[in-house]
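So the chains spell out like this:
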Amino acid sequence: MMKPVIKIFSSIEKLASHSAEFIREQTDEILSGGSYTVAVSGGSTPRAVYKFIADNFGNSINWHYIKIFFCDERCVPPDDNDSNYKMTDETLLKKINIPAENIFRIKGENDPFREAPSYSEVIKNNAQPKNGLPQFDLVMLGLGEDGHTASIFPDQIDKFYSKNICEVAIHPATGQKRITISGEVINNAKLAAFIVTGEKKSRIVSKILSGSAEKINYPASLVDPKKGKLIWMLDTAAANLLDSKIMQRGKVY
Ligand code: 6PG
């Protein structure tokens, strides 16, 4: 496993600003006709980052080069408060000048077992292929306290290695069906970036980054892009339990 880059931020605003600057740099380098594919996640931390980016970088990123995909989606209609699309649309997409055709929504309102293969085709047809799988330029991941990421949960960790681009998952606590990209697609990305904030995540962050034996039980610990980069972007609260060795490796902002 490549050693992940660890970046520790004193606030979520600094984390979001750093993320936005990175995306801006990437899109500044795109030649006309090119694109930059980003797969986004749901959750409260991603929500805060998207809002900050929309409010502060809405006009300084070349959004027309960016194609937005979803790492996962709850199987609900797009106007449901649980919808990752709705959250992303309200906090970011509505506020930026991104062409509608650059947004690839998972249709949570559809039958999940038909939408998973259908969205797999959407990804295949709109992201660059590499190593026999679609390759996202950037996959933005959240982390659950149980170690899930996207909607790959510990009790369905086999879905991480699915040969399918997308799988149907079931939230272990609520039973809610989800559509998720597989871990193989995540690990085919040029860059996978975890964005994790808050004290509540400090324990799982420490278990995963400290190399504890139990970490293989957590889907998030399996994220290790084969030929790409892995960055953990943490605020100080989420990094609070990291041991000194790892803290020394982490760059503080
Ligand atoms: C989802 C996400 C999920 C999320 C984590 C972190 O659909 O919920 O894709 O992977 O990113 O659960 O969410 P919080 O930041 O809300 O803890």
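Residues numbered from 1 in each chain as written. Predicted model: local features only at pLDDT ≥ 70, side-chain atom pairs only at ≥ 80, totals over all residues. Heavy atoms only, no water.

### Details of the site of the ligand
In step 1: Near the ligand you find 17 residues, and of these Gly42, Ser44, Arg74, Ala150 and Lys201 are the closest.
In step 2: Ser44 places a main-chain nitrogen or oxygen 2.7 Å from an oxygen atom of the ligand.
In step 3: A distance of 2.8 Å separates an oxygen atom of the ligand from a polar atom in the side chain of Asp72.
In step 4: In isolation the ligand has 420 Å² of accessible area, and contact with the protein removes 87% of it.
In step 5: By residue number, the principal contributor to the shell around the ligand is helix 2 (residues 44-57), which donates three residues.
In step 6: By residue class, the composition of the shell around the ligand is three nonpolar, 10 polar and four charged. (Near = heavy atom within 4 Å. Polar contact = N/O pair within 3.5 Å; in protein donor to acceptor, adjacent residues only side chain to side chain. Areas by Shrake-Rupley, 256 points an atom, 1.4 Å probe, with all protein chains shown as cover. Helix = DSSP H or I, 4+ residues; strand = E, 2+ residues; numbered from the N terminus. Nonpolar A, V, L, I, M, F, W, Y, C, P; charged D, E, K, R; others polar.)

### Quick word on the pairing of strand 11 (residues 229-235)
In step 1: Counting buried residues along strand 11, six of its seven residues qualify, which places the element largely inside the surrounding structure.
In step 2: Taken together, the six bridges between strand 10 (residues 191-196) and strand 11 define a ladder with parallel strand orientation. Bridged to Ala192 within strand 11 is Leu230. (Buried < 20%, exposed > 50% of the residue type's maximum accessible area, 1.4 Å probe, protein only. Pairing = 2+ DSSP bridges.)

### Notes on the pairing of strand 3 (residues 66-70)
In step 1: For strand 3, the buried fraction is high: four of the five residues fall into the buried class.
In step 2: Of the strand pairs in this sheet, strand 2 (residues 36-40) and strand 3 are connected by five bridges, and their pairing is parallel. Note that in strand 3 the partner of Tyr36 across the bridge is Ile66.
In step 3: Viewed along the sheet, the connection from strand 2 through helix 2 into strand 3 turns out right-handed. (Right-handed = clockwise from strand over helix to strand, strands pointing away.)

### Here we look at the side chain of Ser120
In step 1: Locating Ser120 in the fold gives a position in helix 4 (residues 112-126).
In step 2: Once residues lying within four places of it in the same chain are set aside, the contact partners of Ser120 are Ile165 and Cys166. (Contact = heavy atoms within 4.5 Å.)

### Looking at helix 3 (residues 84-91)
In step 1: Counting buried residues in helix 3 gives seven out of eight residues, a clear majority hidden from the surface.
In step 2: Those residues of helix 3 that sit buried are Asn84, Tyr85, Lys86, Met87, Thr88, Asp89 and Thr91.
In step 3: In the core, the buried residues of helix 3 are packed alongside strand 2, helix 2, strand 3 and strand 4 (72-74).
In step 4: The distance from a side-chain oxygen at the start of helix 3 to the backbone nitrogen of Tyr85 is 3.1 Å, and the residue carrying that oxygen is Ser83.

### Structural notes on the sheet that holds strand 8 (residues 166-170)
In step 1: Pairing within the open sheet is antiparallel, and its three strands lie in the order 4-9-8. Looking at strand neighbours, the two that pair on one side only are strand 4 and strand 8, the edges of this open sheet. Within the sheet, the average angular offset between the axes of one strand and its neighbour, ignoring direction, is 20°.
In step 2: Pairing of strand 4 with strand 9 (residues 177-181), which is carried by three bridges, proceeds in the antiparallel orientation. Across the sheet, the residue bridging to Arg74 is Arg178, located in strand 9. (Axes fitted to C-alpha atoms, helices over the stretch in contact; angles between N-to-C directions.)

### Quick look at the packing of helix 2 against helix 3
In step 1: Interaxial distance between helix 2 and helix 3 falls to 8 Å at its minimum, and their mutual angle equals 25°. What the angle tells us is that helix 2 and helix 3 run roughly parallel. Considering only the axes of helix 2 and helix 3, their crossing is right-handed. Facing Arg47, Tyr50, Lys51 and Ala54 of helix 2, the residues of helix 3 in contact are Met87, Thr88 and Thr91.
In step 2: Each residue belonging to the contact of helix 2 with helix 3 can be placed in one class, and the counts come to three nonpolar, two polar and two charged. (Parallel < 35°, antiparallel > 145°, perpendicular 65-115°, else oblique. Left-handed = near helix turned anticlockwise from the far one by under 90°.)

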